[in-house]
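Per-entry structural report
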Amino acid sequence: MVKAVAVVTISDTCFKDHSKDTSGPTLADVVKEMFPEANLHTIIIPDEREIIEKELKYFCDEANVDLVLTTGGTGLSQRDVTPEATKAVIHREVPAIPIALTIESLKKTHMAMLSRAVAGVRDSTLIINFPGSKKAVTELIEVVKPVLSHAISLIKNELTEVRTIHNSMQFSHVCPHHMLTSNVDMSKVAFRPRESPYPMMEMTEAFKIVDEVMKQWTAHMEIVSIEEGVGRVVAQKLLAKEPMPPFAASVKDGYACLSSDGAGVRRVRAALTAGDAPTLPLSRGECARINTGAALPSGADCVVQVEDTKLITASEDGQTELEVEIMVAPQPNQDVRPIGFDIPMGAVLADKGDVLDAGQIGVLAGAGYQNVTVRANPKIALLSTGNELQEPSELKLRPAHIRDSNRTMLRVLLKEHGYDSIDCGIARDEPGALVAALSSALAQADVLVCTGGVSMGERDLLKPVLTKDFGATLHFGRVRMKPGKPTTFATCQFDGKTKFIFALPGNPVSAYVCCHLFVLRALRGGGGGGAAWPRLSARLTAAVTLDPRPEYARATLSIGPDGFQATLIGSQCSSRLLSACGATVLLELPAASAIVKQLPPGTSVSALITGRLDRMTTL
Ligand code: AMP
Ligand code: MG
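What you see as residue numbers is a count from 1 along each chain, following the sequence as written. Just so you know, chain letters begin at A and ligand numbers begin at 1, following the order they were written in. The predicted nature of this model means local features are confined to residues of pLDDT at least 70 and side-chain atom pairs, given and counted, to a pLDDT of 80 or more, with totals for whole chains, interfaces and linings taken over all residues. The side-chain quantities take in all heavy atoms of the structure and omit both hydrogens and water.

Some remarks on the overall build of the chain
Counting its secondary structure elements, the chain contains 13 helices and 34 strands. With respect to the three principal axes, the spread of C-alpha positions in the chain is 100 × 85 × 50 Å. Note on areas: Shrake-Rupley, 1.4 Å probe, and residue coverage restricted to the protein chains presented here. Carbon and sulfur atoms make up 55% of the accessible area of the chain, which totals about 30700 Å². Computed over 64 positive and 69 negative side-chain charges, the separation of the two mean positions in the chain equals 7 Å. A run of DSSP states H or I qualifies as a helix once it reaches four residues; a run of E qualifies as a strand once it reaches two. Both are numbered from the N-terminal end. The convention is simple: Lys and Arg are positive, Asp and Glu are negative, and His and the chain ends are not counted. By convention, the charge on Lys lies at NZ, on Arg at CZ, on Asp at CG and on Glu at CD.

Thoughts on the packing of aromatic side chains
Stacked, edge-to-face and tilted are the three classes for Phe, Tyr and Trp ring pairs, Trp counted by its six-membered ring, which pair at centre distances within 6.5 Å; planes under 30 degrees apart are stacked, over 60 edge-to-face, the rest tilted. For the coordinates displayed, the defined rule picks out six aromatic pairs. Between the aromatic rings of F476 and F489, the centroid separation amounts to 5.8 Å while the plane-to-plane angle is 45°, which identifies the pairing as tilted. Placement of F476 in strand β24 (residues 473–476) and of F489 in strand β25 (residues 488–494) is noted, with a sequence separation of 13 residues between them. Relative to F502, the ring of F489 lies with its centre 4.7 Å away and its plane at 25°, an arrangement referred to as stacked. Remark: F502 occurs in strand β26 (residues 497–504) and F489 occurs in strand β25; sequence separation between them is 13 residues. To sit over a ring, a charge needs its Lys NZ or Arg CZ within 6 Å of the ring centre and within 35 degrees of the ring normal. Over the ring of Y369 we find K241; its NZ or CZ atom is 4.1 Å from the centre of that ring. A cation over an aromatic ring shows up here: R521 above the ring of F207, its NZ or CZ 4.2 Å from the ring centre.

Some details on the pairing of strand β31 (residues 585–589)
Of all five residues in β31, five are buried; the element is thus mostly enclosed. Residues V585, L587 and L589 of β31 are buried on one face, and the alternating residues L586 and E588, pointing to the opposite face, are buried as well. Of the strand pairs in this sheet, β31 and strand β33 (residues 604–609) are connected by four bridges, and their pairing is antiparallel. Within β33, the position partnered with L587 by the bridge is A607. Relative accessibility under 20% of the residue-type maximum defines a buried residue, over 50% an exposed one, and the middle range a partly exposed one, all with a 1.4 Å probe and only protein chains included. Paired strands, as defined in this entry, are two strands with at least two bridges between them according to DSSP.

Let's talk about the site of ligand 1
Near, as used in this document, describes a residue that has one of its heavy atoms within 4 Å of the molecule or strand being considered. In the region of ligand 1, 17 residues are neighbours, and E388, D404, S405, G453 and G506 sit closest. Take S455: an N or O atom from its side chain is 3.4 Å from an oxygen atom of ligand 1. G506 places a polar main-chain atom, nitrogen or oxygen, 2.8 Å from an oxygen atom of ligand 1. Protein contact buries 77% of the 480 Å² of open area that ligand 1 shows by itself. In the scheme used here, Gly and all other residues not listed as nonpolar or charged are polar, with Ala, Val, Leu, Ile, Met, Phe, Trp, Tyr, Cys and Pro taken as nonpolar and Asp, Glu, Lys and Arg as charged. For the shell around ligand 1, a count of residues per class yields four nonpolar, nine polar and four charged. N or O atoms within 3.5 Å of each other form a polar contact, as long as, within protein, one can give a hydrogen and the other can take it, and as long as residues adjacent in sequence are counted only when both atoms are side-chain atoms.

Some details on the environment of I361
Mapped onto the secondary structure, I361 falls in helix α9 (residues 358–366). Taking the relative accessible area as the measure of exposure, I361 reaches 11% and is therefore buried. Contacts: residue pairs with any heavy atoms within 4.5 Å of one another. Contact partners of I361, with chain neighbours within four places excluded, come to I226, E227, G229, V230 and L356.

Describing the sheet that holds strand β19 (residues 380–385)
Taking strand neighbours across the sheet as the criterion, the six strands line up as β22-β19-β23-β26-β25-β24 in an open arrangement whose pairing is mixed. Two strands close off the open sheet at either side, each with one partner strand: β22 (422–427) and β24. Averaged over all neighbouring strand pairs, the angle between strand axes comes to 20°, with direction disregarded. Where strand β23 (residues 447–451) meets β26, five bridges bridge the pair, whose relative direction is parallel. Residue pairing across strands places V449 opposite F502, the latter belonging to β26. Against the sheet, helix α10 (residues 406–416) contacts β19, β22 and β23, and its axis sits at roughly 160° relative to β19. Orientation is described by axes fitted as lines to C-alpha atoms, over the contacting stretch for helices, and by angles from 0 to 180 degrees between their N-to-C directions. Of the strands in this sheet, β19, β22, β23, β25 and β26 touch helix α11 (residues 431–444), which is tilted by about 175° from β22.

Let's talk about the packing of helix α8 (residues 203–213) against helix α13 (residues 508–524)
One way to put it is that α8 packs onto α13 with a least axis distance of 10 Å and a crossing angle of 30°. Taken together, α8 and α13 sit at an angle that is classed as roughly parallel. For the crossing formed where α8 meets α13, the hand is right-handed. Facing M203, A206, F207, V210 and D211 of α8, the residues of α13 in contact are L517, F518, R521 and A522. Looking at the contact of α8 with α13 residue by residue, the classes come out as seven nonpolar, no polar and two charged. Angle categories are assigned with fixed cut-offs, so that under 35 degrees is roughly parallel, over 145 is roughly antiparallel, 65 to 115 is roughly perpendicular, and the rest are oblique. Crossing chirality is assigned from the near helix's rotation relative to the far helix, an anticlockwise turn below a right angle marking it left-handed and a clockwise turn marking it right-handed.

Digging into the domain arrangement of the chain
Start and end positions for the domains come from either an automated domain assignment or a database one. Its domain assignment divides the chain into domain 1 (4–156), domain 2 (198–218 + 378–525), domain 3 (221–243 + 342–375), domain 4 (249–337) and domain 5 (535–618). If you average the C-alpha positions of domain 2 and of domain 5, the two centres end up 26 Å apart. At the interface, 17 residues of domain 2 touch 17 residues of domain 5. Two parts placed together each lose some accessible area under a 1.4 Å probe, and the buried area is that loss summed for both. Summing both sides of the interface, domain 2 and domain 5 together bury roughly 1600 Å²; the carbon and sulfur share of this comes to 66%. Interface area lost by domain 2 to domain 5 is led by K482, V509 and Y512, which between them contribute 40%.

Topic: the nonpolar core
Membership of the largest hydrophobic core comes to 44 residues, with the highest contact counts inside it found for L414, F476, M481, F502, L517 and F518. Elements with a minimum of two residues in this core: α8, β19, α10, β23, β26 and α13. Element by element, the count of residues in this core is highest for α13, at twelve residues. Each of two domains, domain 2 (198–218 + 378–525) and domain 5 (535–618), supplies a minimum of three residues to this core. Sequence-distant contacts of L414, that is, excluding residues within four places in its chain, are made with I380, L382, Y419, S421, C515, V519, L520 and L523. Residue types Ala, Val, Leu, Ile, Met, Phe, Trp, Tyr and Cys, when buried and joined through side-chain atoms within 4.5 Å, form a set referred to as a nonpolar core. Formed by 27 residues, the second largest nonpolar core is a distinct cluster that contains A381, L434, L438 and C450.

A few points about the environment of G526
Among the secondary structure elements, G526 is positioned in the loop between α13 and β27 (535–540). By relative accessible area, which is 16% here, G526 ends up buried. Residues G526 and E430, spaced 96 residues apart in sequence, show a C-alpha to C-alpha distance of 34 Å. Among residues more than four places away in sequence, those in contact with G526 are W217, A219 and R375.

Encoded structure:
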């Protein structure tokens, strides 16, 4: 409970004519609104360190206020001494508050770098320095507002208040194992709908929706080391700051010479290995022994490989070559990489949108780049649902239970494509448990991928919990596809942000296929909507019976003189995850029609390249 607040305005000018600036609310006005019950003290004092210290001590020790907010005197001018005065009176610094204020201010002005504001605690009073500008201070108070009451409760050791806040944080954000109340009524199981209320969406429409909705995800940037940048999307162009090679370098082991000397005998003037800085310039009739990668001496304009030379004279001990004969007349620039031959100065090394690979990271390393700005990935949470699920690590299976394979499979699948995920465990099929688990997951992530609980059983509660407890919009809840019919895509507002929810069916193959088709598609788009998988055309090696729904069959690929061939990986039953093992492609098998119920061997079908093409065999 905040009982008393002091607003201390520190300014020589304010001290003289503070009454003149009457535009907009003052810090005191904002504080009054924020803590209407609190006793508010306001004072204006000059930029005098002793006076500031005296007043701060008065408010902390005698007036016993909970919070002192100073405004002004935090800059770099000689008269700005508020931080020094504050540091002199506080017992414990709270450095993260000025950091938070600086981060916010930097969004508006680079001048924020010049603020030296301090925050700290004196006994049971919190003191925070703000800049002098009325506009800035009234905006910045909003940054600290969410933590002020809690901070003051902690400082004053108000245990009950602290516990309440921690509990509410735990229930709504952190602990997925708690039950929370839900608006979903499970009591009338007999009257549950016997047909899905969700319209059947065609695949093309479902893709369009994912692509469109994902445009709401605004990609941020992050700086990572170039090595960590592998597979990431470059967000800012990087140019060569130096030419490569930075000096004219020999391409061969041989002799650097002057091409104008033609063929004939040369005096060997020096020996240069890679890394030696050449000192002497070569004159007519001279050459220098040189290694691959060594810098050419000045005067030289070509290299003659050792194979095209003959020793004429050497020192008696055989350690020094004195004369060699150049057997073939060299051309200017022969076997020389001139400055900037591989990479000219200013060349684009990495462009916006490039996906960094080993080659490009090597180029960046060679150019002296240590870090690269890449597109930040959304935070992804993984959650399994199902009363029958056990952790895969549990030794013994309980009766009627199975191990959760989806979470591990999806985690690795995302990882394979460069996305980290947050493991949110297993939630029970209870409305309260789902609310707790979903709240916890949504608090940690931008994208939630969960499996199970989206079909027609009375324990399939995800859809009603999402709509009734989270106010989610279900963009689709049923798709004409096999496997994956009940796949659900939703968005909701949580903690003031849009969250994207992919609720996939629990059958492992459905989860696998739908993660590719919807989740990875959405992620691959990186803020520009979704991105479809590339396709190729392959001939079936065996006949395939078509389903009434379009089917995504897991298949291996081989290449021969007649192009690509696809072989289905055994039974395509949606519980049999073995059918995904070693899959290179997802075949887009058309729905059966009245006329075509089967595709004979040799039929060309479209294949989405979701796996690694290097797994392909050659016929
Ligand atoms: P559901 O989508 O919850 O109706 O589940 C469909 C089928 O998938 C059931 O046979 C479940 O036991 C199974 N299943 C659900 N979740 C998982 C999981 N995380 N790992 C393995 N199998 C699962
Ligand atoms: Mg289930």
